[in-house]
Amino acid sequence: MEHLGTKTRDIHFFSQKNQKMMCVHSRQARDYAKQLEEMDNVKSYETCVPLDMGRFIHVQPVDIRPDYLQKEWTTDFLLEDRDGYKSVREVVLASNLKKRALAERLELSRRYWATMNIKDWKVVLVGIGT
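Residues numbered from 1 in each chain as written. Predicted model: local features only at pLDDT ≥ 70, side-chain atom pairs only at ≥ 80, totals over all residues. Heavy atoms only, no water.

J.: Got a sec to walk through the side chain of arginine 89? Specific residues and values, please.
T.: Position of arginine 89 relative to the elements: it lies in strand 6 (residues 86-93). Only 3.2 Å separates the side chain of arginine 89 from the side chain of aspartate 120, close enough to count as a polar contact. Setting aside chain neighbours within four positions, we find arginine 89 in contact with Tyr32, Thr75, Asp76, Phe77, Leu79, Asp120, Trp121, Lys122 and Val124. (Helix = DSSP H or I, 4+ residues; strand = E, 2+ residues; numbered from the N terminus. Polar contact = N/O pair within 3.5 Å; in protein donor to acceptor, adjacent residues only side chain to side chain. Contact = heavy atoms within 4.5 Å.)

And the structure:
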């Protein structure tokens, strides 16, 4: 999950599965997108999906910095499987996992998507053992 508008390196690629150009902001997210392209159960996916700040009023704010609820955020991946079921994946560097700020952002993402009735929310850990 990233703050919308943060200066990042854009990596553009053509998604065969989505039949369009896609954009991610890290090599790790690109590597995960390659995996999604190969997964038979994934019908399609979106990248860098903006969160609707208007829905933040439905998010329980306990242990989330108030200023986080005043910022625009994006989720790394919103997936749709062959049955129309949606899920969310956030790509995280394992070395950053202990940072409180990251934990708060991930929890905000999880709670946000729960308000959208998406229960299959997961973190994709990358950079393990490096």
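J.: Lay out the pairing of strand 3 (residues 20-24) with the relevant residues and their values.
T.: Bridge analysis of strand 2 (residues 11-15) against strand 3 gives five bridges, and the strand direction is antiparallel. Looking at the pairing, histidine 12 lines up with cysteine 23 of strand 3. In sequence, strand 2 turns back onto strand 3 through a hairpin of four residues, with glutamine 19 there showing a positive phi of about 55°. (Pairing = 2+ DSSP bridges.)

J.: Outline helix 1 (residues 27-38), listing residues and values.
T.: Spanning 12 residues, helix 1 covers 17 Å between terminal C-alpha atoms, matching the ideal 16 Å at 1.5 Å per step. Its buried side turned inward, helix 1 meets strand 2, strand 3, strand 4 (42-50), strand 5 (73-81), strand 6 and strand 7 (121-126). (Expected span 1.5 Å × (residues − 1).)

J.: Run through the nonpolar core, naming residues and quoting values.
T.: Within the largest apolar cluster, 18 residues are counted, with the highest numbers of intra-cluster contacts made by Phe56, Leu108 and Trp113. Elements with a minimum of two residues in this core: strand 5, strand 6 and helix 2 (100-115). The leading source of residues in this core is helix 2, at five residues. Membership of the second largest hydrophobic core comes to 15 residues, among which are Ile11, Phe13, Ala29 and Val124. (Core = buried A, V, L, I, M, F, W, Y, C linked by side-chain atoms within 4.5 Å. Buried < 20%, exposed > 50% of the residue type's maximum accessible area, 1.4 Å probe, protein only.)

J.: Describe in detail the pattern of salt bridges, supporting the description with residues and values.
T.: Across all of its chains, the model carries eight salt bridges by this definition. A salt bridge links aspartate 31 to arginine 27; the nearest nitrogen and oxygen atoms lie 3.3 Å apart. In this pair, aspartate 31 and arginine 27 both sit in helix 1, four residues apart, roughly one turn of the helix. By relative accessible area, aspartate 31 is classed as partly exposed at 32%. With its nearest N and O atoms 3.8 Å apart, the salt bridge here joins aspartate 67 to lysine 71. When salt bridges that share partners are traced, they join Arg65, Arg100 and Glu104 into one network. (Salt bridge = Lys/Arg side-chain N within 4 Å of Asp/Glu carboxyl O.)

J.: I'd like a rundown of a nonpolar patch on the surface, residues and numbers included.
T.: There is a patch of nonpolar side chains on the surface, built from Leu97, Val123, Leu125 and Ile128 and spanning about 320 Å² of accessible area. Structurally, leucine 97 is set in the loop between strand 6 and helix 2. Residue classification places leucine 97 among the partly exposed residues on the basis of a relative accessible area of 37%. (Patch = residues over 30% accessible without salt bridge, like charges linked within 9 Å, V, L, I, M, F, W, Y side chains within 5 Å. Areas by Shrake-Rupley, 256 points an atom, 1.4 Å probe, with all protein chains shown as cover.)

Purely geometric stuff here, so don't read any function into it on its own.
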